[in-house]
Amino acid sequence: MNNLAQRKAVALISGGLDSLLAVKLVQEQGIYVEGINFYTGFCVEGHTHAIRKKDQSKPKRNNALWSAEQLGIKLHIIDIIEEYKDIVFNPKYGYGANLNPCLDCKVFMVKKAREWMEENGFDFIITGEVVGQRPKSQRKETMPIIQKDSGIDDRLLRPLCAKNLPETMPEREGWVDREKLMGFSGRNRKPQIALAKQFGFEDFAQPAGGCCFLTDENYSVKLSDLWKSRGEKTYELDDIMLLKVGRHIRPENNYKVIIAREEGETKYLQGYKKQYDSLRMTSHTGPMALLDGTPDDAQVNLAAAIVARYSKGRDEPVVTLVYQKKTGEQQELTVKPASPEHVLPEWML
Amino acid sequence: MIELDCRRLLCPMPVIKVQDKVNELSQGQELLAVCTDPGVQNDIPAWCRINGHQVLSIENDEDEYRVLIKVGQND
Ligand code: SF4
């Protein structure tokens with residue numbers, strides 16, 4: 001193949017090992033690759049490190065950027081936060097075990113990648129999907145759905161399991177040699193690990209479960225609660241970011257308290273003081289908390305008592321806090337810290 | 001020099017903002033991204049290395065990270 005005819009592929013880069021290997025296999029065959037990474041707001045990437053102090057000993061890195069650098073490819077990170085909402089609210093193919101709309105999500109991402117591919121004069125798309133690896137979105141029967149609904153048809157190559165699937169356009173046209181692609185299937189990760197070793201990749205990311213918080217049970221409970229309390233499926237970026245942080249306690253439908261679990265979270269929640277009313281301990285060391293919703297005075301006092309329960313003053317008869325409205329207006333509160341039996345288990349999200 | 005406010009944004013949002021801005025600029029122009037997420041100290045330089053731009057400096061004062069970027073060749 002000469003350079004003039006060099007074919008170009010755009011790869012969906014999640015930051016995990018599979019997309020890293022998929023690109024490498026195709027690069028080895030002389031294909032020019034650029035990466036695309038979609039940011040939905042639910043991605044596990046990066047920010048949990050920024051928020052939680054206990055994670056700060058680990059190097060902070062964005063795995064999609066890291067993968068791209070390993071591969072020597074350009075990476076385009078695309079904000080799909082707004083458009084993605086519809087996928088989360090109304091998935092045509094339903095949710096997985098939690099609120100993860102994986103199949104719809106895959107279709108959407110491949111469709112967006114196809115649009116990018118067409119706009120930028122690329123020839124085909126690569127993904128790191130493996131047949132049978134995930135319960136719903138990567139079954140053999142669902143693979144054609146992704147191709148059809150996204151409009152990509154046979155211009156989608158899955159190098160890690162290509163040998164188990166019908167021939168695609170890049171193979172048929174002779175741009176890539178099918179024999180040099182893989183036939184992985186199922187959940188066994190050993191073949192991927194071996195291939196990584198062969199290519200000399202070390203220190204790669206191996207996300208457990210999925211690539212986003214929607215596969216997390218605890219997170220999904222909090223998101224359902226948010227929808228229930230608002231009476232409809234809706235969210236803003238701040239809402240879904242805050243679901244990743246702190247203890248969420250909802251004593252009543254009209255408000256919830258978000259309490260930092262450690263210093264890193266306190267620091268993070270402080271950044272929201274202009275968007276949310278907040279509570280801060282003054283008499284004792286204690287966590288920062290935000291109030292989401294429309295609590296009345298009695299409810300604010302209850303929230304303060306709950307916050308106090310997580311402070312150093314939890315055994316004192318009374319403690320003081322500052323209640324700060326998002327407008328900046330402040331008020332001092334004196335409360336008796338809530339005792340454990342006053343914080344009902346069903347309030348804890 | 002153009003200043004870009006990325007305060008309170010968590011990675012990768014500052015990177016996306018930088019990327020979209022850099023794509024509008026031409027080679028040699030400088031962009032200062034003012035961020036609060038410490039993750040940008042790694043992510044913006046990584047993005048720049050991959051895409052052929054240069055990080056001239058990263059200053060950290062109080063809770064802000066000021067990343068100065070020189071735009072390389074844009075396609
Ligand atoms: S885990 Fe999340 S990002 Fe990954 S396919 Fe499922 S819904 Fe999409």
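Along a regular strand, successive side chains alternate from one face of the sheet to the other. Residues and elements named next belong to chain A. Bridging between strand E10 (residues 319–324) and strand E11 (residues 330–335) involves 6 bridges; their strand directions are antiparallel. Counted as the bridge partner of Tyr323 is Gln331 from E11. Here E10 folds back onto E11 in antiparallel fashion, the turn holding 5 residues, of which Gly328 has a positive phi close to 105°.

Before going further, it helps to spend a moment on the sheet that holds E11 of chain A. All names here are of chain A. Pairing is antiparallel in the open sheet, where 6 strands are placed in the order E6-E7-E9-E8-E10-E11. Both edges of this open sheet fall to strand E6 (247–252) and E11, since each of them pairs with a single strand only. Adjacent strand axes in the sheet meet at a mean angle of 25° when their direction is disregarded. Its contacts with the sheet place helix H9 (residues 217–230) against E6, strand E7 (255–259) and strand E9 (288–293), and it is angled at close to 30° to E6.

The domain architecture assigned to chain A consists of domain 1 (8–213) and domain 2 (245–347). Put simply, the middle of domain 1 of chain A and the middle of domain 2 of chain A, counted by C-alpha atoms, are 41 Å apart.

As a further point, take the state of the cysteines. When the sulfur atoms of two cysteines share a covalent bond, that bond is a disulfide. This structure, assessed with the given rule, holds 0 disulfides over all chains. Cysteine Cys11 of chain B remains unbridged, with the sulfur of Cys35 of chain B as its closest cysteine sulfur at 7.5 Å.

All names here are of chain A. A rise of 1.5 Å per residue sets the reference length of helix H5 (residues 102–119), with its 18 residues, at 26 Å; its end C-alpha atoms lie 26 Å apart and thus fit the reference within 8%. The element H5 is largely enclosed, with a buried count of 13 among its 18 residues. Residue Gly121 follows H5 closely and has a positive phi angle near 70°.

This part takes up the pattern of salt bridges. All names here are of chain A. Counted by the stated rule, this structure contains 22 salt bridges over all chains. The partner of Arg250 in a salt bridge is Asp225, with the nearest N and O atoms 2.8 Å apart. Of this pair, Arg250 sits in strand E6 while Asp225 sits in helix H9, and the two are 25 residues apart along the sequence. You'll find Arg250 and Asp225 in the same group, each marked buried.

So, on to helix H12 (residues 297–309) of chain A. Residues and elements named next belong to chain A. Taking 1.5 Å per residue, 13 residues should reach 18 Å; H12 reaches 19 Å between its end C-alpha atoms and fits that length. Taken together, the buried positions of H12 are Gln299, Val300, Ala303, Ala304, Ala305, Ile306, Val307 and Ala308. In this structure, the buried residues of H12 make contact with E6, E7, strand E8 (277–281), E9, E10 and E11. A distance of 3.2 Å separates the backbone nitrogen of Ala298 from a side-chain oxygen at the start of H12, and that oxygen is part of Asp296.

Before going further, it helps to examine the interface of chain A and chain B. Counting residues at the interface gives 26 residues for chain A, matched by 20 residues for chain B. Buried surface at the junction of chain A and chain B, summed over both partners, amounts to about 1,900 Å²; 57% is from carbon and sulfur atoms. On the surface where chain A and chain B come into contact, there are 3 salt bridges. Linking Arg49 of chain B and Glu69 of chain A is a salt bridge whose minimum nitrogen-to-oxygen distance equals 2.4 Å. Of all the elements in the fold, those that place two or more residues in the side of chain A that touches chain B are helix H2 (47–51), helix H3 (63–71), strand E3 (75–79), helix H10 (237–242) and helix H11 (263–270) of chain A. Per element, the largest residue contribution to the side of chain A that touches chain B is 5 residues, and it comes from E3 of chain A. Partitioning the side of chain A that touches chain B into residue classes produces 13 nonpolar, 5 polar and 8 charged.

So, on to the packing of helix H1 (residues 17–27) of chain A against helix H8 (residues 190–199) of chain A. Residue and element names in this part refer to chain A. Axis separation between H1 and H8 bottoms out at 10 Å; the angle between their running directions is 55°. As far as their axial angle goes, H8 and H1 are oblique. Considering how the two elements wind past one another, H1 and H8 form a crossing that is left-handed. Residue-level contacts link Leu17, Asp18, Leu21, Lys24 and Leu25 of H1 to Gln192, Ile193, Leu195, Ala196 and Phe199 of H8. Tallied by class, the residues present in the contact of H1 with H8 amount to 7 nonpolar, 1 polar and 2 charged.

Glancing now at the site of the ligand. The local shell around the ligand consists of Tyr84, Pro101, Cys102, Cys105, Cys211, Cys212 and Thr215 of chain A. In the shell around the ligand, the residues fall into 6 nonpolar, 1 polar and no charged.

A few words on the nonpolar core. By size, the foremost hydrophobic cluster in this structure holds 71 residues, and its most contacted members are Phe124 and Leu269 of chain A together with Val18 and Ile44 of chain B. Of the residues forming this core, the biggest block, 7 residues, is contributed by H1 of chain A. For this core, the two domains that each supply at least three residues are domain 1 (8–213) and domain 2 (245–347) of chain A. Here Leu269 of chain A is in contact with Leu242, Val245, Ile258, Ile259, Ala260, Met288 and Leu290 of chain A, once residues within four sequence places are set aside. One finds Leu12, Val110, Leu156 and Leu223 of chain A within the second-largest nonpolar core, a separate group that totals 35 residues.

Cut-off values and rules
- Think of each chain on its own: its residues are numbered from 1, step by step along the sequence as written.
- The naming scheme follows written order: chains are lettered A onward, ligands numbered 1 onward.
- A pLDDT threshold of at least 70 governs which residues receive local features in this predicted model, and a stricter bar of 80 or more applies before side-chain atom pairs are shown or counted, although totals over entire chains, interfaces and linings include all residues.
- In computing side-chain properties, one takes all heavy atoms of the structure into account and sets aside hydrogens as well as water.
- At least two DSSP bridges between two strands are needed for those strands to be called paired.
- We count a stretch as a helix when DSSP gives it H or I for four or more residues in a row; a strand needs E for two or more, and each element gets its number in order from the N terminus.
- Interaxial angle, 0 to 180 degrees, is taken between N-to-C directions of lines fitted to C-alpha atoms, where a helix line uses only the stretch in contact.
- A contact between two residues is defined here by any heavy atoms of the two lying within 4.5 Å.
- Boundaries of every domain are those given by an automatic assignment or by a domain database.
- Disulfide assignment relies on a single distance test, namely cysteine sulfur atoms paired within 2.5 Å.
- In a helix, the anticipated span is given by 1.5 Å times the number of residues less one.
- A simple rule labels every residue: compare its accessible area, found with a 1.4 Å probe on the protein chains alone, to the largest value its type can have, and call it buried under 20%, exposed over 50%, or partly exposed in between.
- Salt bridge, as used here: a side-chain nitrogen of Lys or Arg that lies within 4 Å of a carboxyl oxygen of Asp or Glu.
- N or O atoms within 3.5 Å of each other form a polar contact, as long as, within protein, one can give a hydrogen and the other can take it, and as long as residues adjacent in sequence are counted only when both atoms are side-chain atoms.
- Here the quantity called buried area is the accessible surface, traced with a 1.4 Å probe, that two parts lose on coming together, added over both.
- Only Asp, Glu, Lys and Arg are considered charged, only Ala, Val, Leu, Ile, Met, Phe, Trp, Tyr, Cys and Pro nonpolar, and every remaining residue, Gly among them, polar.
- By the definition adopted for this analysis, an angle is roughly parallel if under 35 degrees, roughly antiparallel if over 145, roughly perpendicular if from 65 to 115, and oblique otherwise.
- For any pair of crossing helices, the crossing counts as left-handed if the nearer helix is rotated counterclockwise from the farther one by less than a right angle, and right-handed if it is rotated clockwise.
- Neighbouring residues are identified by heavy atoms, a residue being near a molecule or strand if any of them is within 4 Å of it.
- The definition of a nonpolar core used throughout is a set of buried Ala, Val, Leu, Ile, Met, Phe, Trp, Tyr and Cys residues joined through side-chain atoms within 4.5 Å.

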